[in-house]
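A look at the structure
The primary structure of each chain is shown beneath.
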Amino acid sequence: MNERSSDSATPRKLSGAEIIWECLERLGVEHVFGYPGGAILPTYDALTKSRVHHVLVRHEQGATHMADGYARASGRVGVALATSGPGATNMVTGIATAMMDSSPIVCITGQVGSAVLGSDAFQETDITGITIPITKHNYLVTRADEIAVSLREAFHIAASDRPGPVLVDITKDAQLGSCEFDWELAAPRVHRQVPDFFPDPAQLNQAAALINESQRPVILAGHGIILSGAGEEVRRLAETADIPVALTLLGLGAFPASHSLNLGMMGMHGEAWVNQAIQESDLLIALGMRFDDRVTGKLNTYAQKAKKIHVEIDRAEINKNVHVDAPLIGDLRAILQRLLPLVKPNRHSEWWSQVHVSKQDSAVRDIQNLPDNGHLYAAHVINDLWRETKGDAVIVTDVGQHQMWEAQYYHHEKPRSLITSGGLGTMGFSLPAAIGAKFARPDAEVWVVAGDGGFQMTMAELATIVQEKLNVKIAIINNGYLGMVRQWQEFFYEGRYAGTPLLSPDYVKLAEAYGIPGLMVSERSQVVPALHTSRFHAGAALIDFRVEQEDSVYPMVPAGADLHAMIRRPTPLVERPTDD
Amino acid sequence: MTEREKTHTFVVYVENKPGVLNRIASLFRRRGYNIESLTVGHTERPNISRMTIVSSIGEGAAHRVEANIYKLVNVLSVEDVTHATTISRSLALIKVVASEESRHRLMEIVRVFRARVVDLAPRSLIIEITGAEDKIHALVDVLRPFGILEMVRTGQVVMRRGVQERVETSSPKAAEDDTRRSKQKTGSGPSGANALVEAEHPGSV
Ligand SMILES: Cc1ncc(C[n+]2csc(CCOP(=O)(O)OP(=O)(O)O)c2C)c(N)n1
Ligand SMILES: [Mg+2]
């Protein structure tokens, strides 16, 4: 927090709109992603006197994803601003996205005057009512003197405990009204958010005993590690007791991909050996993850032989999907710091050799090891991107096959280097989220990896990139299909491709229309030169990768199937998939 | 829901602010759980309201709802008092058909149930009864043959017997509960969630 204390002692009379900016500045906000309209106009008027940088988006959904991308890249609260009615409802998808992935954002919306609330006034929607289930909390503010405390509470709630989105809906008269502004008096009055408790020694001992006795342990590393900043503690735990680490999609980066104890991603499109190891394990140590159905497969055959330790900040996640033997509730980092001294150094060579056996079988099926048949596969593109950027870029993906290939073939070493919509799986997320990420980390190389479907959902934000002179690189994995859905149709609907063939504009021309240099790549040999050209261009650049149209993501655990019942990549490539 | 359902009673302390009821009700609604009764009123403390919520749900579902109510910012504490020793009361007003002949028998019933007659009209009377749910049920059963014209019930209010600490944050205790539940291995979670995952196949992209 970057509070200015000089003038906080003497209360000043400010308008509600001025208070909004004053508070945002004091809360350390540098960028706000927004779109104006009638009910938020007083606030836009007061923007002219503020130091906060406003980014004009092209659609309010974009504003929420930008705030989200900003938050995920930096760990700080992202802020989105919109008018009432359609402006507010356009935010719904972005808010739900942030909710599912525990991303701290604050959305501020204008609302019609308090005197006409509930009268179906022009551009009135009950946005607080609409967003109750998809926000951590929300506020309807009808008076200028409630603005400061509401905003301070909103920031506190968004960032604390298990983070999430908070919406603050402010009526036009509250923005226009004025009151004495007193920062101190507006301190958050939230009853409790940060868990002020930790597992007692008995619980810690119980968990430590399970770890010390285990023969076949696996750490399940989730997003919570990144949110808690517990990467170092997780590494120490894994190294001390020689435990293989499996990651969730949102956990990628929480543990270095190159680490010898790293297994890789688990779940529906996780590596076969990872899922196999989980199924054979005698102890799962779940760290900041929530046993989502995409990582467990069928629950009553999931890791049957394993006891489960669940370290989690959100009590509602304990025993939700999977029965847990030792729950440890609270901040992950703080708990691991208490747990580590109780964990004995250990070696699990037998377990490791068992894991390596199943790993070898998978390696021969890896697309990287298959003969070059002249075709361009998305996996090649991603792998080359990884090599070219030396794994150092911030990758922001969209949703679909390319997202899974990114997770499989870009090896993330650091937290916050992969930004992706996991829980909600929101197509259209990548381009705006990358814009937010670039604002959060201006020095980082930021790449959008989007499908031709998802990119077309929010590509209007190309204009935002240009208007803000942002250096964001864009890789479109263009397969001419809503690929992931096509894959399901191929596997489960006998190849009836209803509604999945997809036409695209000429992306090179499109980019050029925005003044962004574009390249088209259709051969494997062109990938690296194109990446090279784009990377060393000083501003934004776009590459349209025309990849194999009907490739599928392997392995795949069909929804609701046993985690070990994976559909594997047929070898050689031309074979139809079979269930082995 | 594959879990065995049972009547669960939650006592929730909340800040007295607009929208709180909506937030809590929403947690039941989104899971498709029905609320049997819900009462809200002031407490001995200013700006703090107390709710008693009765819902017929499975053990795992009750645990889930409780944990999610706890997460609401305006909630001070929540407790599932289903297994605690409590005093439970609700009130009913019942308007029954009362002819010259039946009036005497009705008075007799009212006396036996320790209820009261609060209004007397030429062809009907209103009976007020306070008590535990089963007592009210019993009275309603007995009155039904006379012809019930109208009935209103308040829903249950519940209080634990004796003195106990108020669980203001509910957290340490809740954490303990989680461990206890884990040890007992009640049917929390898997069955219901499982049904969902299986029914979904091939699921959603
Ligand atoms: C907003 C939204 N609508 C629909 C879906 C369902 N869906 C999941 S993946 C997918 C296909 C994505 O196609 P594309 O962007 O071309 O990526 P690809 O799978 O081809 O890599 C669809 C339609 C979704 N996740 N989000
Ligand atoms: Mg596609």
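Since the model is a prediction, treat every value here as computed from it, not as a measurement.

Residue and element names in this part refer to chain A. When cut into domains, chain A gives domain 1 (12-181), domain 2 (201-360) and domain 3 (366-546). The distance between the C-alpha centroids of domain 1 and domain 3 comes to 30 Å. Buried surface at the junction of domain 1 and domain 3, both sides included, amounts to about 2,000 Å², of which 64% is carbon and sulfur. Contact with domain 3 buries area across many residues of domain 1, yet Arg58, Arg72 and Ala73 alone supply 30% of it, more than any other trio. Scanning the region where domain 1 abuts domain 3 turns up zero salt bridges. At the junction of domain 1 with domain 3, the criterion picks out ten residue pairs in polar contact (both at pLDDT 80 or more). Contributing elements (two or more residues each) for the side of domain 1 that touches domain 3: β2 (31-34), β3 (53-56), α3 (60-74) and α5 (92-100). Per-element accounting of the side of domain 1 that touches domain 3 gives the leading share, eleven residues, to α3. Within the side of domain 1 that touches domain 3, the residues separate by chemical class into ten nonpolar, twelve polar and five charged.

Our focus in this paragraph is the nonpolar core. Residues and elements named next belong to chain A. Among the nonpolar cores identified, the biggest contains 97 residues, and Ile211, Leu220, Ile278, Leu287, Ile309 and Phe545 are the most heavily contacted of them. Each of domain 2 (201-360) and domain 3 (366-546) gives at least three residues to this core. Counting residues in each nonpolar core, the second largest holds 50 residues, with Val57, Ile134, Val472 and Ile476 among its members.

Turning our eyes to something else, we now look at the sheet that holds strand β4 (residues 75-80) of chain B. One key point about sheets: their strands pair by backbone hydrogen bonds, in either a parallel or an antiparallel sense. Residues and elements named next belong to chain B. Judged by pairing direction, the sheet is antiparallel, and its four strands sit side by side in the order β2-β3-β1-β4 without closing on themselves. What marks the edges here is a single partner per strand, and that holds for β2 (35-42) and β4. Adjacent strand axes in the sheet meet at a mean angle of 15°, parallel and antiparallel pairs treated alike. Where strand β1 (residues 5-15) meets strand β3 (residues 48-58), eleven bridges bridge the pair, whose relative direction is antiparallel. From the neighbouring strand, lysine 6 faces β3, where its bridge partner is isoleucine 57. Of the strands in this sheet, β1, β2, β3 and β4 touch helix α1 (residues 20-29), which is tilted by about 10° from β3.

Reading the values: the criteria
Residues numbered from 1 in each chain as written. Chains lettered and ligands numbered in written order. Predicted model: local features only at pLDDT ≥ 70, side-chain atom pairs only at ≥ 80, totals over all residues. Heavy atoms only, no water. Domains from an automatic or database assignment. Buried area = accessible area lost by both parts, 1.4 Å probe. Salt bridge = Lys/Arg side-chain N within 4 Å of Asp/Glu carboxyl O. Polar contact = N/O pair within 3.5 Å; in protein donor to acceptor, adjacent residues only side chain to side chain. Helix = DSSP H or I, 4+ residues; strand = E, 2+ residues; numbered from the N terminus. Nonpolar A, V, L, I, M, F, W, Y, C, P; charged D, E, K, R; others polar. Core = buried A, V, L, I, M, F, W, Y, C linked by side-chain atoms within 4.5 Å. Buried < 20%, exposed > 50% of the residue type's maximum accessible area, 1.4 Å probe, protein only. Pairing = 2+ DSSP bridges. Axes fitted to C-alpha atoms, helices over the stretch in contact; angles between N-to-C directions. Contact = heavy atoms within 4.5 Å.

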